[in-house]
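Descriptive analysis of the structure
One letter stands for each residue in the lines below.
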Amino acid sequence: MRLQGKEIVLGVTGSIAAYKAVELLRELVKAGASVKVVLTQSAQRFVTPLTFATLSRQEVMTDLFTLDYDAKIRHIAATEGADLLLVAPATANTIGKFARGLADDLLTNLFLASTRPVLLAPAMDADMFRHPAVQENLERLRSWGVRVVGPAEGELASGMWGPGRLAEISEILRAVTEILQPVHDLAGEVVLVTAGPTHEPIDPVRYLTNRSSGKMGYALAQEAADRGAHTILVSGPTALAAPRGIEVIQVQTALQMRAAILDHLPKATIVLKAAAVSDYRLSKPSKSKLKKSDESHFLELVPNPDILREIGPQKGARIVVGFAAETGDLVRHAERKLKEKNLDLIVANDVTWEGAGFSHDTNHVIMIDLYGEIEEVPLSPKRHVARRILDRVVRLQKKRESRG
Ligand code: CTP
(Lines give C-alpha, C1' and ligand atoms only; values in the text may rest on other atoms or scores of the structure.)
Protein backbone atom coordinates (compact mmCIF):
# COMPACT_ATOMS: atom_id res chain seq x y z
CA MET A 1 0.00 0.00 0.00
CA ARG A 2 2.53 2.55 -1.18
CA LEU A 3 0.04 5.48 -1.09
CA GLN A 4 -1.41 4.64 2.33
CA GLY A 5 -2.54 7.77 4.17
CA LYS A 6 -2.13 10.03 1.12
CA GLU A 7 -4.94 12.34 0.07
CA ILE A 8 -5.34 13.03 -3.61
CA VAL A 9 -7.77 15.32 -5.40
CA LEU A 10 -8.40 13.81 -8.84
CA GLY A 11 -9.72 16.26 -11.42
CA VAL A 12 -11.31 14.69 -14.48
CA THR A 13 -11.96 16.88 -17.52
CA GLY A 14 -13.93 16.41 -20.74
CA SER A 15 -11.81 14.19 -22.92
CA ILE A 16 -12.79 10.85 -24.43
CA ALA A 17 -10.02 9.45 -22.18
CA ALA A 18 -12.19 10.34 -19.13
CA TYR A 19 -13.25 6.68 -18.93
CA LYS A 20 -9.62 5.76 -18.19
CA ALA A 21 -9.81 7.92 -15.05
CA VAL A 22 -12.11 5.23 -13.60
CA GLU A 23 -9.29 2.69 -13.82
CA LEU A 24 -6.83 5.25 -12.47
CA LEU A 25 -9.09 5.92 -9.49
CA ARG A 26 -9.36 2.18 -8.77
CA GLU A 27 -5.57 1.83 -8.82
CA LEU A 28 -5.06 4.85 -6.54
CA VAL A 29 -7.59 3.49 -4.05
CA LYS A 30 -6.00 0.04 -4.27
CA ALA A 31 -2.63 1.63 -3.44
CA GLY A 32 -4.18 3.04 -0.25
CA ALA A 33 -4.86 6.66 -1.25
CA SER A 34 -7.96 8.56 -0.24
CA VAL A 35 -9.23 10.18 -3.44
CA LYS A 36 -11.69 13.06 -3.79
CA VAL A 37 -12.90 13.37 -7.36
CA VAL A 38 -13.79 16.61 -9.14
CA LEU A 39 -15.65 16.27 -12.45
CA THR A 40 -15.92 19.23 -14.78
CA GLN A 41 -19.17 19.86 -16.65
CA SER A 42 -17.83 18.39 -19.87
CA ALA A 43 -16.33 15.36 -18.10
CA GLN A 44 -19.87 14.53 -16.97
CA ARG A 45 -20.84 14.08 -20.63
CA PHE A 46 -18.43 11.16 -20.80
CA VAL A 47 -18.60 9.65 -17.29
CA THR A 48 -21.00 9.85 -14.37
CA PRO A 49 -20.38 11.09 -10.81
CA LEU A 50 -21.99 7.89 -9.53
CA THR A 51 -19.17 5.71 -10.91
CA PHE A 52 -16.51 7.81 -9.20
CA ALA A 53 -18.50 8.21 -5.96
CA THR A 54 -18.94 4.42 -5.75
CA LEU A 55 -15.28 3.65 -6.37
CA SER A 56 -13.86 6.44 -4.21
CA ARG A 57 -16.50 5.95 -1.49
CA GLN A 58 -16.65 9.75 -1.29
CA GLU A 59 -18.92 12.48 -2.52
CA VAL A 60 -17.89 13.65 -5.99
CA MET A 61 -17.43 17.40 -6.39
CA THR A 62 -19.02 18.83 -9.51
CA ASP A 63 -20.49 22.27 -10.02
CA LEU A 64 -19.16 25.28 -8.11
CA PHE A 65 -22.34 27.27 -8.59
CA THR A 66 -24.74 24.79 -7.01
CA LEU A 67 -22.78 24.98 -3.76
CA ASP A 68 -23.60 27.25 -0.86
CA TYR A 69 -20.85 29.44 0.55
CA ASP A 70 -19.81 27.00 3.29
CA ALA A 71 -19.64 24.12 0.86
CA LYS A 72 -17.44 26.17 -1.49
CA ILE A 73 -15.03 26.94 1.32
CA ARG A 74 -15.09 23.27 2.37
CA HIS A 75 -14.29 22.12 -1.13
CA ILE A 76 -11.45 24.59 -1.56
CA ALA A 77 -10.14 23.56 1.85
CA ALA A 78 -10.24 19.97 0.58
CA THR A 79 -7.32 20.61 -1.76
CA GLU A 80 -5.38 22.39 0.93
CA GLY A 81 -5.50 19.25 3.06
CA ALA A 82 -4.60 17.09 0.06
CA ASP A 83 -1.11 15.90 -0.80
CA LEU A 84 -1.61 16.25 -4.55
CA LEU A 85 -3.93 17.71 -7.17
CA LEU A 86 -3.91 15.25 -10.08
CA VAL A 87 -5.76 16.16 -13.27
CA ALA A 88 -6.20 13.17 -15.60
CA PRO A 89 -7.17 13.52 -18.34
CA ALA A 90 -6.33 17.21 -18.69
CA THR A 91 -7.83 18.77 -21.82
CA ALA A 92 -6.30 21.62 -23.84
CA ASN A 93 -9.11 23.81 -22.46
CA THR A 94 -8.34 23.10 -18.79
CA ILE A 95 -4.59 23.42 -19.40
CA GLY A 96 -5.26 26.80 -21.05
CA LYS A 97 -7.39 28.00 -18.16
CA PHE A 98 -4.81 26.89 -15.58
CA ALA A 99 -2.00 28.61 -17.51
CA ARG A 100 -3.91 31.88 -17.79
CA GLY A 101 -5.34 31.97 -14.26
CA LEU A 102 -8.99 31.67 -15.31
CA ALA A 103 -11.34 30.30 -12.68
CA ASP A 104 -14.80 29.65 -14.07
CA ASP A 105 -15.52 26.28 -12.47
CA LEU A 106 -14.66 24.27 -9.38
CA LEU A 107 -11.51 22.61 -10.74
CA THR A 108 -9.94 25.86 -11.97
CA ASN A 109 -10.76 27.49 -8.61
CA LEU A 110 -9.11 24.60 -6.78
CA PHE A 111 -6.02 24.93 -8.99
CA LEU A 112 -5.65 28.62 -8.19
CA ALA A 113 -6.41 28.18 -4.49
CA SER A 114 -4.09 25.20 -4.02
CA THR A 115 -0.51 25.42 -2.82
CA ARG A 116 -0.03 21.65 -3.13
CA PRO A 117 1.88 19.83 -5.89
CA VAL A 118 -0.02 19.53 -9.16
CA LEU A 119 0.34 16.74 -11.73
CA LEU A 120 -1.32 16.93 -15.15
CA ALA A 121 -1.84 14.06 -17.58
CA PRO A 122 -2.81 15.74 -20.87
CA ALA A 123 -5.00 13.97 -23.42
CA MET A 124 -6.08 15.45 -26.73
CA ASP A 125 -5.71 15.12 -30.47
CA ALA A 126 -2.12 15.23 -31.80
CA ASP A 127 -2.61 18.49 -33.73
CA MET A 128 -4.10 20.16 -30.67
CA PHE A 129 -1.23 18.96 -28.52
CA ARG A 130 1.33 20.26 -31.01
CA HIS A 131 -0.34 23.67 -31.29
CA PRO A 132 1.96 26.40 -29.96
CA ALA A 133 -0.86 27.62 -27.68
CA VAL A 134 -0.94 24.27 -25.84
CA GLN A 135 2.84 23.91 -25.86
CA GLU A 136 3.28 27.41 -24.47
CA ASN A 137 0.65 26.83 -21.80
CA LEU A 138 2.36 23.62 -20.70
CA GLU A 139 5.76 25.33 -20.60
CA ARG A 140 4.28 28.12 -18.52
CA LEU A 141 2.74 25.63 -16.09
CA ARG A 142 6.00 23.68 -15.88
CA SER A 143 7.88 26.87 -15.08
CA TRP A 144 5.58 27.24 -12.03
CA GLY A 145 6.50 23.75 -10.87
CA VAL A 146 3.47 21.90 -12.26
CA ARG A 147 4.48 18.37 -13.28
CA VAL A 148 3.28 16.83 -16.51
CA VAL A 149 3.13 13.12 -17.31
CA GLY A 150 2.70 12.07 -20.95
CA PRO A 151 0.97 12.29 -23.28
CA ALA A 152 1.95 9.04 -24.96
CA GLU A 153 2.24 8.58 -28.70
CA GLY A 154 -0.17 6.22 -30.40
CA GLU A 155 -3.49 5.91 -32.12
CA LEU A 156 -5.94 8.59 -31.04
CA ALA A 157 -9.74 8.66 -30.87
CA SER A 158 -9.78 10.63 -34.13
CA GLY A 159 -7.92 7.83 -35.92
CA MET A 160 -4.80 10.03 -36.07
CA TRP A 161 -1.44 8.71 -34.93
CA GLY A 162 0.79 10.89 -32.77
CA PRO A 163 1.27 12.40 -29.30
CA GLY A 164 -1.94 13.00 -27.37
CA ARG A 165 -2.95 9.70 -25.75
CA LEU A 166 -3.36 9.79 -22.00
CA ALA A 167 -0.17 8.36 -20.46
CA GLU A 168 -0.46 4.71 -19.42
CA ILE A 169 -2.10 4.31 -16.02
CA SER A 170 1.11 2.66 -14.73
CA GLU A 171 3.09 5.72 -15.87
CA ILE A 172 0.67 8.11 -14.09
CA LEU A 173 0.86 5.99 -10.92
CA ARG A 174 4.64 6.09 -11.07
CA ALA A 175 4.61 9.88 -11.42
CA VAL A 176 2.20 10.13 -8.45
CA THR A 177 4.43 7.89 -6.33
CA GLU A 178 7.50 9.89 -7.29
CA ILE A 179 5.89 13.08 -6.05
CA LEU A 180 4.43 11.59 -2.89
CA GLN A 181 7.28 9.25 -2.00
CA PRO A 182 10.35 10.58 -3.71
CA VAL A 183 13.34 8.24 -3.90
CA HIS A 184 16.43 10.08 -2.71
CA ASP A 185 19.10 7.63 -3.78
CA LEU A 186 21.23 10.43 -5.30
CA ALA A 187 21.26 12.62 -2.20
CA GLY A 188 24.79 13.91 -1.59
CA GLU A 189 25.81 13.47 -5.24
CA VAL A 190 26.71 16.34 -7.57
CA VAL A 191 25.48 15.48 -11.06
CA LEU A 192 26.84 17.41 -14.03
CA VAL A 193 24.64 17.01 -17.10
CA THR A 194 25.16 18.38 -20.60
CA ALA A 195 22.30 18.73 -23.05
CA GLY A 196 21.33 20.03 -26.46
CA PRO A 197 23.33 20.90 -29.53
CA THR A 198 26.05 23.52 -29.88
CA HIS A 199 25.98 26.44 -32.29
CA GLU A 200 29.22 27.12 -34.11
CA PRO A 201 29.06 30.55 -35.71
CA ILE A 202 29.68 31.01 -39.44
CA ASP A 203 28.94 34.73 -39.35
CA PRO A 204 26.73 36.92 -37.10
CA VAL A 205 23.52 35.40 -38.54
CA ARG A 206 24.43 31.78 -39.36
CA TYR A 207 25.77 28.79 -37.50
CA LEU A 208 26.55 25.06 -37.78
CA THR A 209 24.47 22.80 -35.58
CA ASN A 210 22.70 19.42 -35.39
CA ARG A 211 19.22 18.07 -34.69
CA SER A 212 19.55 17.61 -30.92
CA SER A 213 16.55 19.05 -29.01
CA GLY A 214 18.06 18.68 -25.53
CA LYS A 215 15.07 16.64 -24.29
CA MET A 216 17.11 13.60 -23.17
CA GLY A 217 19.60 15.73 -21.20
CA TYR A 218 16.85 17.81 -19.59
CA ALA A 219 14.98 14.63 -18.59
CA LEU A 220 18.19 13.30 -17.00
CA ALA A 221 18.77 16.56 -15.13
CA GLN A 222 15.21 16.60 -13.79
CA GLU A 223 15.37 12.95 -12.76
CA ALA A 224 18.73 13.48 -10.98
CA ALA A 225 17.41 16.53 -9.13
CA ASP A 226 14.18 14.77 -8.14
CA ARG A 227 16.29 11.92 -6.73
CA GLY A 228 18.09 14.34 -4.44
CA ALA A 229 21.27 15.23 -6.38
CA HIS A 230 22.67 18.71 -6.59
CA THR A 231 22.31 19.04 -10.36
CA ILE A 232 24.20 21.33 -12.71
CA LEU A 233 22.95 21.45 -16.30
CA VAL A 234 25.24 22.82 -19.00
CA SER A 235 22.88 23.42 -21.88
CA GLY A 236 23.42 24.30 -25.49
CA PRO A 237 20.68 26.35 -27.19
CA THR A 238 17.29 24.60 -26.82
CA ALA A 239 13.64 25.63 -26.76
CA LEU A 240 13.13 23.94 -23.38
CA ALA A 241 12.23 25.67 -20.11
CA ALA A 242 14.86 25.44 -17.35
CA PRO A 243 13.98 22.48 -15.13
CA ARG A 244 13.00 22.98 -11.47
CA GLY A 245 15.64 23.18 -8.75
CA ILE A 246 18.61 22.94 -11.11
CA GLU A 247 21.58 25.22 -11.69
CA VAL A 248 21.51 25.91 -15.44
CA ILE A 249 24.48 27.26 -17.39
CA GLN A 250 23.56 28.29 -20.92
CA VAL A 251 26.27 28.03 -23.58
CA GLN A 252 26.37 28.34 -27.36
CA THR A 253 29.59 26.79 -28.67
CA ALA A 254 31.57 23.62 -27.98
CA LEU A 255 34.42 25.71 -26.55
CA GLN A 256 32.04 27.44 -24.13
CA MET A 257 30.58 24.05 -23.17
CA ARG A 258 34.07 22.71 -22.52
CA ALA A 259 34.93 25.70 -20.31
CA ALA A 260 31.71 25.33 -18.28
CA ILE A 261 32.28 21.59 -17.80
CA LEU A 262 35.90 21.91 -16.75
CA ASP A 263 34.87 24.67 -14.36
CA HIS A 264 32.29 22.45 -12.61
CA LEU A 265 34.03 19.08 -12.98
CA PRO A 266 36.00 19.23 -9.69
CA LYS A 267 32.81 19.12 -7.61
CA ALA A 268 30.93 16.61 -9.79
CA THR A 269 30.59 12.98 -8.69
CA ILE A 270 28.57 11.89 -11.73
CA VAL A 271 28.91 13.24 -15.29
CA LEU A 272 26.20 12.62 -17.89
CA LYS A 273 27.26 13.87 -21.31
CA ALA A 274 24.04 13.87 -23.30
CA ALA A 275 24.93 16.95 -25.38
CA ALA A 276 25.48 16.54 -29.11
CA VAL A 277 28.65 18.58 -29.35
CA SER A 278 29.65 19.80 -32.79
CA ASP A 279 32.82 17.99 -33.84
CA TYR A 280 33.98 21.00 -35.87
CA ARG A 281 33.90 24.76 -35.77
CA LEU A 282 34.87 27.32 -38.36
CA SER A 283 38.55 28.23 -38.31
CA LYS A 284 37.63 31.86 -38.86
CA PRO A 285 33.99 32.83 -38.37
CA SER A 286 33.24 36.00 -40.26
CA LYS A 287 32.66 39.17 -38.20
CA SER A 288 30.28 40.51 -40.83
CA LYS A 289 27.45 38.78 -42.69
CA LEU A 290 28.68 36.73 -45.65
CA LYS A 291 27.21 38.00 -48.89
CA LYS A 292 26.00 35.63 -51.58
CA SER A 293 27.77 35.35 -54.92
CA ASP A 294 27.57 32.98 -57.88
CA GLU A 295 30.80 31.26 -56.88
CA SER A 296 31.17 28.16 -54.70
CA HIS A 297 32.00 28.99 -51.13
CA PHE A 298 34.30 26.93 -48.93
CA LEU A 299 34.26 27.00 -45.17
CA GLU A 300 37.35 25.77 -43.38
CA LEU A 301 36.44 23.62 -40.39
CA VAL A 302 38.78 22.78 -37.53
CA PRO A 303 38.13 20.01 -34.98
CA ASN A 304 36.60 20.93 -31.64
CA PRO A 305 38.13 19.34 -28.56
CA ASP A 306 36.41 16.08 -27.61
CA ILE A 307 35.32 17.07 -24.11
CA LEU A 308 34.38 13.57 -23.04
CA ARG A 309 37.72 12.16 -24.14
CA GLU A 310 39.42 14.89 -22.13
CA ILE A 311 37.45 14.03 -18.98
CA GLY A 312 38.21 10.30 -19.27
CA PRO A 313 41.81 10.30 -18.01
CA GLN A 314 41.05 12.66 -15.11
CA LYS A 315 37.77 11.11 -14.01
CA GLY A 316 39.05 9.71 -10.70
CA ALA A 317 36.20 8.21 -8.67
CA ARG A 318 33.52 9.83 -10.81
CA ILE A 319 31.00 7.85 -12.83
CA VAL A 320 31.18 9.16 -16.39
CA VAL A 321 28.41 8.38 -18.87
CA GLY A 322 28.71 9.08 -22.59
CA PHE A 323 26.07 9.02 -25.30
CA ALA A 324 26.32 7.86 -28.88
CA ALA A 325 23.90 8.55 -31.69
CA GLU A 326 24.56 6.17 -34.55
CA THR A 327 23.00 5.11 -37.82
CA GLY A 328 24.04 1.44 -37.77
CA ASP A 329 26.43 -1.04 -36.15
CA LEU A 330 25.31 0.31 -32.80
CA VAL A 331 26.92 -2.09 -30.34
CA ARG A 332 30.29 -2.15 -32.11
CA HIS A 333 30.56 1.67 -32.28
CA ALA A 334 29.30 2.07 -28.73
CA GLU A 335 31.76 -0.47 -27.30
CA ARG A 336 34.63 1.26 -29.09
CA LYS A 337 33.66 4.69 -27.72
CA LEU A 338 33.20 3.26 -24.21
CA LYS A 339 36.79 2.02 -24.24
CA GLU A 340 38.39 4.91 -26.12
CA LYS A 341 36.81 7.52 -23.87
CA ASN A 342 37.34 5.55 -20.63
CA LEU A 343 33.62 5.65 -19.75
CA ASP A 344 31.71 3.73 -17.10
CA LEU A 345 28.60 3.56 -19.22
CA ILE A 346 27.60 4.40 -22.77
CA VAL A 347 24.02 5.02 -23.80
CA ALA A 348 23.58 4.45 -27.51
CA ASN A 349 20.72 4.79 -29.90
CA ASP A 350 20.19 4.40 -33.57
CA VAL A 351 18.64 7.63 -34.78
CA THR A 352 17.00 5.78 -37.67
CA TRP A 353 14.84 3.75 -35.23
CA GLU A 354 11.19 4.79 -35.14
CA GLY A 355 10.48 7.26 -32.28
CA ALA A 356 14.09 7.22 -31.00
CA GLY A 357 16.63 9.99 -30.74
CA PHE A 358 16.59 13.61 -31.78
CA SER A 359 13.49 15.74 -31.10
CA HIS A 360 11.23 12.84 -30.07
CA ASP A 361 9.67 12.69 -26.61
CA THR A 362 10.52 9.01 -26.57
CA ASN A 363 13.74 7.09 -26.93
CA HIS A 364 14.93 3.52 -27.42
CA VAL A 365 18.47 2.90 -26.22
CA ILE A 366 20.98 0.26 -25.33
CA MET A 367 23.34 0.73 -22.41
CA ILE A 368 26.75 -0.93 -22.23
CA ASP A 369 28.83 -0.68 -19.08
CA LEU A 370 32.54 -1.12 -18.50
CA TYR A 371 31.98 -4.71 -17.34
CA GLY A 372 30.47 -5.50 -20.75
CA GLU A 373 26.92 -5.81 -19.48
CA ILE A 374 24.36 -4.78 -22.10
CA GLU A 375 20.83 -3.61 -21.27
CA GLU A 376 18.16 -2.49 -23.69
CA VAL A 377 15.52 0.10 -22.80
CA PRO A 378 12.60 -0.29 -25.21
CA LEU A 379 10.83 2.71 -26.75
CA SER A 380 9.49 4.77 -23.82
CA PRO A 381 9.19 8.40 -22.67
CA LYS A 382 12.60 10.08 -22.24
CA ARG A 383 11.88 10.58 -18.53
CA HIS A 384 11.48 6.82 -18.17
CA VAL A 385 14.73 6.25 -20.09
CA ALA A 386 16.42 8.80 -17.78
CA ARG A 387 15.22 6.83 -14.76
CA ARG A 388 16.67 3.61 -16.15
CA ILE A 389 20.01 5.30 -16.90
CA LEU A 390 20.26 6.67 -13.37
CA ASP A 391 19.21 3.30 -11.87
CA ARG A 392 22.16 1.89 -13.76
CA VAL A 393 24.52 4.63 -12.54
CA VAL A 394 23.51 3.93 -8.94
CA ARG A 395 24.18 0.21 -9.47
CA LEU A 396 27.61 0.98 -10.98
CA GLN A 397 28.47 3.18 -8.02
CA LYS A 398 27.52 0.41 -5.57
CA LYS A 399 29.54 -2.12 -7.56
CA ARG A 400 32.57 0.16 -7.51
CA GLU A 401 32.23 0.73 -3.74
CA SER A 402 31.91 -2.98 -3.04
CA ARG A 403 35.07 -3.64 -5.08
CA GLY A 404 36.88 -0.93 -3.12
N1 CTP B 1 31.36 14.59 -27.11
C2 CTP B 1 32.12 15.54 -26.47
N3 CTP B 1 32.84 16.44 -27.19
C4 CTP B 1 32.84 16.41 -28.53
C5 CTP B 1 32.07 15.43 -29.22
C6 CTP B 1 31.35 14.54 -28.47
O7 CTP B 1 32.14 15.55 -25.25
N8 CTP B 1 33.53 17.31 -29.20
C9 CTP B 1 30.59 13.63 -26.31
C10 CTP B 1 29.09 13.75 -26.43
O11 CTP B 1 28.56 14.60 -25.41
C12 CTP B 1 28.61 12.34 -26.25
C13 CTP B 1 29.73 11.56 -26.87
O14 CTP B 1 30.88 12.36 -26.78
O15 CTP B 1 28.51 11.93 -24.91
C16 CTP B 1 29.46 11.27 -28.29
O17 CTP B 1 30.63 10.78 -28.77
P18 CTP B 1 30.86 10.43 -30.27
O19 CTP B 1 29.76 9.53 -30.69
O20 CTP B 1 32.25 10.04 -30.36
O21 CTP B 1 30.64 11.75 -31.00
P22 CTP B 1 30.59 11.80 -32.47
O23 CTP B 1 31.28 13.06 -32.77
O24 CTP B 1 29.20 11.69 -32.92
O25 CTP B 1 31.48 10.54 -32.96
P26 CTP B 1 31.55 9.91 -34.39
O27 CTP B 1 31.48 11.06 -35.33
O28 CTP B 1 32.85 9.22 -34.36
O29 CTP B 1 30.40 8.97 -34.48
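Residues numbered from 1 in each chain as written. Predicted model: local features only at pLDDT ≥ 70, side-chain atom pairs only at ≥ 80, totals over all residues. Heavy atoms only, no water.

Looking at the domain arrangement of the chain
You'll often see interface size given as the accessible area lost when the parts meet. Domain parsing of the chain yields domain 1 (7–180) and domain 2 (190–282 + 298–402). Centre-to-centre separation of domain 1 and domain 2, based on C-alpha positions: 34 Å. Opposite the eight residues of domain 1 that make contact, domain 2 presents 11 residues. For the pair domain 1 and domain 2, the summed buried area comes to about 750 Å², and 40% of that belongs to carbon and sulfur atoms. At the junction of domain 1 and domain 2, the tally comes to two salt bridges. For arginine 383, the salt bridge identified is with glutamate 178, shortest N-O distance 3.8 Å. (Domains from an automatic or database assignment. Contact = heavy atoms within 4.5 Å. Buried area = accessible area lost by both parts, 1.4 Å probe. Salt bridge = Lys/Arg side-chain N within 4 Å of Asp/Glu carboxyl O.)

Here's the deal with the sheet that holds strand E2 (residues 34–39)
Spatially, the five strands line up as an open sheet ordered E2-E1-E3-E4-E5, and their pairing is parallel. Strands at the two margins of the open sheet, each flanked by one partner only, are E2 and strand E5 (147–148). As paired strands, strand E1 (residues 7–12) and strand E3 (residues 84–90) are joined by four bridges and run parallel to one another. Note that in E3 the partner of leucine 10 across the bridge is leucine 86. (Pairing = 2+ DSSP bridges. Helix = DSSP H or I, 4+ residues; strand = E, 2+ residues; numbered from the N terminus.)

Here's the deal with the site of the ligand
Surrounding the ligand, one finds Lys273, Ala275, Val277, Asp279, Pro305, Asp306, Ile307, Leu308, Gly322, Phe323, Lys337 and Lys341. Residue alanine 275 places a main-chain N or O atom 2.7 Å away from an oxygen atom belonging to the ligand. At 2.9 Å, a backbone N or O of phenylalanine 323 approaches an oxygen atom of the ligand. For the ligand, the protein covers 76% of the area, taking 570 Å² as the surface of the free molecule. Elements that contribute at least two residues to the shell around the ligand include exactly helix H11 (307–311) and strand E16 (319–326). Residue composition of the shell around the ligand, by class: six nonpolar, one polar and five charged. (Near = heavy atom within 4 Å. Polar contact = N/O pair within 3.5 Å; in protein donor to acceptor, adjacent residues only side chain to side chain. Areas by Shrake-Rupley, 256 points an atom, 1.4 Å probe, with all protein chains shown as cover. Nonpolar A, V, L, I, M, F, W, Y, C, P; charged D, E, K, R; others polar.)

Here we look at the side chain of threonine 177
Relative to the helices and strands, threonine 177 resides in helix H8 (residues 169–180). Looking at threonine 177, the relative accessible area reads 14%, which means it is buried. In this view, threonine 177 contacts Arg2, Leu3 and Pro182; residues no more than four positions away in its chain are not counted. (Buried < 20%, exposed > 50% of the residue type's maximum accessible area, 1.4 Å probe, protein only.)

Regarding the nonpolar core
If you look at the biggest cluster of nonpolar residues, it comprises 37 residues, and the most contacted ones within it are Phe52, Leu86, Ile172 and Val176. Elements represented by at least two residues in this core include exactly E1, helix H1 (20–30), E2, E3, strand E4 (118–122) and H8. Residue contributions to this core peak at seven residues, all from H8. Apart from residues no more than four positions distant in its own chain, leucine 86 is found in contact with Ile8, Val9, Leu10, Gly11, Leu24, Leu28, Leu119, Ile172 and Val176. Core analysis: the second largest hydrophobic core is formed by 31 residues, Leu233, Ile246, Val365 and Met367 among them. (Core = buried A, V, L, I, M, F, W, Y, C linked by side-chain atoms within 4.5 Å.)

A few points about the environment of methionine 160
Tracing the backbone through its elements, the reader meets methionine 160 in the loop between strand E6 (152–155) and strand E7 (161–165). Methionine 160 gets classed as partly exposed once you look at its relative accessible area, which sits at 24%. Here the alpha-carbon distance between methionine 160 and valine 320, two residues 160 residues apart in the chain, equals 41 Å. For methionine 160, the contacting residues outside a window of four places in its chain are Asp125, Ala126, Asp127, Gly154 and Glu155.

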